[in-house]
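Each chain, letter by letter, is given below.
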Protein chains: 2
Amino acid sequence: MKKFMNRAETLVAESLAGLVAAHERLVTFGADGKFIRRRSLRPGKVSLISGGGAGHEPMHVGFVGRGMLDAACTGHVFTSPTPDQIVAAIRETDGGEGCLLIVKNYDGDVMNFEMAAELVAAEHRIATVIVRDDVNPGGSKRSQGRRGVAGTLVFEKLLGAAAEVGWRLDELSTLGEGLNDRIRTVGVSLSGVTVPETERETFVLNEDEMEMGVGIHGEPGRARLKFATADEIVGVMLEAILSDLTPNRGDTLLLFINGFGGTPVSELYLAYNSAQTRLQNLGVTVARSLVGTYVTSLDMAGLSITVAGLEERELSLWDAPVDTAALRWGG
Amino acid sequence: MKKFMNRAETLVAESLAGLVAAHERLVTFGADGKFIRRRSLRPGKVSLISGGGAGHEPMHVGFVGRGMLDAACTGHVFTSPTPDQIVAAIRETDGGEGCLLIVKNYDGDVMNFEMAAELVAAEHRIATVIVRDDVNPGGSKRSQGRRGVAGTLVFEKLLGAAAEVGWRLDELSTLGEGLNDRIRTVGVSLSGVTVPETERETFVLNEDEMEMGVGIHGEPGRARLKFATADEIVGVMLEAILSDLTPNRGDTLLLFINGFGGTPVSELYLAYNSAQTRLQNLGVTVARSLVGTYVTSLDMAGLSITVAGLEERELSLWDAPVDTAALRWGG
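Thresholds applied
Residues numbered from 1 in each chain as written. Chains lettered and ligands numbered in written order. Predicted model: local features only at pLDDT ≥ 70, side-chain atom pairs only at ≥ 80, totals over all residues. Heavy atoms only, no water. Contact = heavy atoms within 4.5 Å. Buried area = accessible area lost by both parts, 1.4 Å probe. Salt bridge = Lys/Arg side-chain N within 4 Å of Asp/Glu carboxyl O. Helix = DSSP H or I, 4+ residues; strand = E, 2+ residues; numbered from the N terminus. Domains from an automatic or database assignment. Polar contact = N/O pair within 3.5 Å; in protein donor to acceptor, adjacent residues only side chain to side chain. Pairing = 2+ DSSP bridges. Axes fitted to C-alpha atoms, helices over the stretch in contact; angles between N-to-C directions. Buried < 20%, exposed > 50% of the residue type's maximum accessible area, 1.4 Å probe, protein only.

**Q** An account of the interface of chain A and chain B is requested, with residue identities and associated values reported.
**A** Across the boundary between the two partners, chain A contributes 50 residues, which contact 50 residues of chain B. Surface buried jointly by chain A and chain B totals about 4,400 Å² across both partners, of which 58% is contributed by carbon and sulfur atoms. On the chain A side of the contact with chain B, Lys2, Phe4 and Tyr269 of chain A bury the most area, a combined 22% of that side's loss. Counting the contacts that link chain A with chain B gives 2 salt bridges. Between glutamate 267 of chain A and lysine 3 of chain B there is a salt bridge, and its shortest N-O distance comes to 2.7 Å. Contributing elements (two or more residues each) for the side of chain A that touches chain B: helix H1 (11-22), helix H6 (230-245), helix H7 (265-281), strand E16 (285-292), strand E17 (302-309) and strand E19 (328-329) of chain A.

**Q** Can you lay out the domain arrangement of chain A for me, pointing to particular residues and giving the numbers?
**A** Residues and elements named next belong to chain A. The domains assigned to chain A are domain 1 (8-179) and domain 2 (183-315 + 325-329). One C-alpha centre belongs to domain 1, the other to domain 2; they are set 22 Å apart. Counting from both sides, the interface comprises 43 residues of domain 1 and, opposite them, 41 residues of domain 2. Across the domain 1/domain 2 interface, buried area totals approximately 3,200 Å², and carbon plus sulfur atoms make up 66% of it. Counting the surface domain 1 buries against domain 2, the share from its top three residues, Phe78, Val135 and Ala150, is 18%. At the junction of domain 1 with domain 2, the criterion picks out 1 salt bridge. Remark: the boundary between domain 1 and domain 2 carries 17 residue pairs in polar contact (both at pLDDT 80 or more). Where the side of domain 1 that touches domain 2 is concerned, the elements lending two or more residues are H1, strand E5 (71-77), helix H4 (152-164) and helix H5 (169-179).

**Q** Break down the sheet that holds strand E1 (residues 27-29) of chain B for me, citing the residues and quoting the values.
**A** All names here are of chain B. An order of E1-E2-E5-E3-E6-E7 is seen for the 6 strands of this open sheet, with the pairing classed as mixed. Two strands lie at the open edges of the sheet, namely E1 and strand E7 (126-131), each paired on one side alone. With strand direction ignored, the average angle separating the axes of adjacent strands in the sheet is 25°. Summarising the sheet, E1 and strand E2 (residues 36-38) pair through 3 bridges and their orientation is antiparallel. Each bridged residue has a counterpart across the sheet, and for threonine 28 the counterpart in E2 is arginine 37. Contacting strand E3 (47-54), strand E6 (99-104) and E7, helix H5 (residues 169-179) crosses the sheet at an angle of about 10° to E7.

**Q** Report on the environment of valine 135 of chain A, specifying residues and quantitative values.
**A** All names here are of chain A. Mapped onto the elements of the fold, valine 135 is located in the loop between strand E7 (126-131) and strand E8 (139-140). Classification of valine 135 by relative accessible area gives buried; the value is 1%. Separated by 130 residues in the primary sequence, valine 135 and valine 265 place their C-alpha atoms 24 Å from one another. Dropping the residues within four chain positions of it, valine 135 is found in contact with Arg146, Arg184, Thr185, Val186, Arg222, Ala240, Ile241 and Asp244.

Given below as structure tokens:
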């Protein structure tokens with residue numbers, strides 16, 4: 001394994017330092033470097049905090065900024081942030097309107113965010129949205145029930161836009177819960193993923209194999225299949241999503257093709273082309289799109305497809321301005 | 001080799017179709033699908049046209065839009081676009097103010113863009129900027145003299161912003177020529193690159209080796225070195241750049257860390273941290289930054305460092321609004 005790093009013990013800290021240095025207009029380290037936060041906190045809005053293990057960059061640190069997160073707490077590679085980090089982020093960013101914690105559904109993350117919420121319960125109003133967008137209902141070693149994967153970006157964008165225009169904590173919480181029924185993601189990987197400290201691959205695929213339904217920590221998926229054409233792979237993936245979401249003709253969807261870190265953008269666009277064509281043939285409207293490498297699993301080769309059924313109000317939240325390291329558009 | 005594709009013969013066309021579909025607000029295919037152009041051409045401005053072989057995405061097609069390119073012509077993988085494609089782009093986008101062709105310095109590209117310029121010389125005013133930002137002065141099998149690599153993005157951003165605010169063809173040409181003295185790039189690769197049609201790797205590296213000075217087609221570089229820590233690698237790379245650029249204390253630089261396609265963003269930020277620290281220690285100011293995967297070599301693992309010495313006027317052009325698939329900021 002060849003990685004650009006100095007030492008495994010410091011790679012997360014050095015990478016975060018680079019992100020803050022490259023985007024100092026947008027973000028800064030919070031107290032004692034425990035988290036990354038918006039440089040200019042806006043009074044009068046609910047604070048949105050997320051986080052998780054490192055290795056998924058640019059999520060979540062790249063989503064901190066105007067119109068998205070107020071703070072992100074990063075643990076070590078594939079390891080939850082500590083309650084201590086989350087408490088520090090709550091204390092520094094809550095301007096009195098409360099905090100919404102956006103937590104991917106992994107046991108470690110859920111436990112640590114819950115513990116943090118309990119620790120500050122006397123001083124801060126806290127609500128939590130657990131993201132469960134994976135098509136695999138069964139969970140895995142790391143989670144009970146559906147995992148939170150690339151759809152987390154959609155949660156954070158929509159909730160961030162709503163918080164920015166003054167939605168209250170209970171309103172955000174309701175929106176977040178509702179999204180869990182309307183956002184589904186499925187991933188496929190063409191390679192295992194090598195964790196820097198152990199140098200062990202999570203699984204090994206032969207030259208003619210792919211792992212369908214893989215998670216963002218390289219967790220094994222639904223099935224190990226023979227590698228196939230892009231159209232065939234996309235077909236299997238959309239089938240898994242659409243058996244869950246069952247959109248109706250005329251529904252408006254967001255289609256998001258996400259690279260896992262080792263997949264070139266040209267292949268992501270090719271997959272987008274295949275998926276969009278297939279959805280249009282079903283009579284649904286792909287109203288919004290996103291193609292890029294946003295929710296990763298270190299250098300894993302592979303991609304995920306996220307489909308979100310969005311109504312008019314949510315389409316507006318998607319379109320609202322955002323200014324972060326990884327996602328940037330609007331006025 | 002596992003790639004998301006249907007057939008090698010159609011992968012470029014399918015990927016471009018995906019890009020246009022995902023960004024239909026911004027771009028559209030030109031006549032006969034020979035190139036991709038801005039959806040809304042602006043009368044009264046010089047048209048900026050670039051292009052080259054596929055396999056470097058999001059460059060150049062992802063740089064088409066307001067404040068950057070008017071059109072991009074894509075050849076097959078690592079193969080120049082034909083004069084015919086370039087002529088079609090000139091005819092469709094020149095609104096009377098002439099065309100600036102931005103061409104990376106490879107023999108095939110230079111020849112085909114020159115031929116296109118000659119073919120339309122009676123009807124269109126054409127100027128050409130040849131991008132030569134690679135630190136390797138000697139060229140390679142593909143080029144006489146310095147190659148055009150990731151610094152091409154900086155050329156296209158600055159020239160695009162200038163064209164957008166009404167600079168004339170001769171003024172743009174002068175700016176472009178001047179940039180060649182002030183932008184330098186060096187790449188390092190940790191793996192060869194596999195070309196889809198041949199399925200042949202350009203070179204093979206052992207587990208403890210890296211290729212220093214590599215080009216964006218996986219051309220061999222200056223030296224095959226032992227793999228080292230990020231700080232050591234960045235040190236060697238910056239030394240190569242700074243022996244050419246020789247910035248003075250107080251100069252303002254743009255520092256651009258570019259991934260080649262197979263390198264995670266967390267590693268790019270770690271490299272940014274290392275490079276920025278080293279430059280600051282030399283007393284120069286890193287006034288602007290860019291970190292991401294923009295100028296690629298299919299799925300090659302590796303990155304390049306670009307340093308550009310920019311004056312006040314060019315910093316403003318860098319900051320000017322841009323609205324393309326891959327680069328998007330400002331009003």
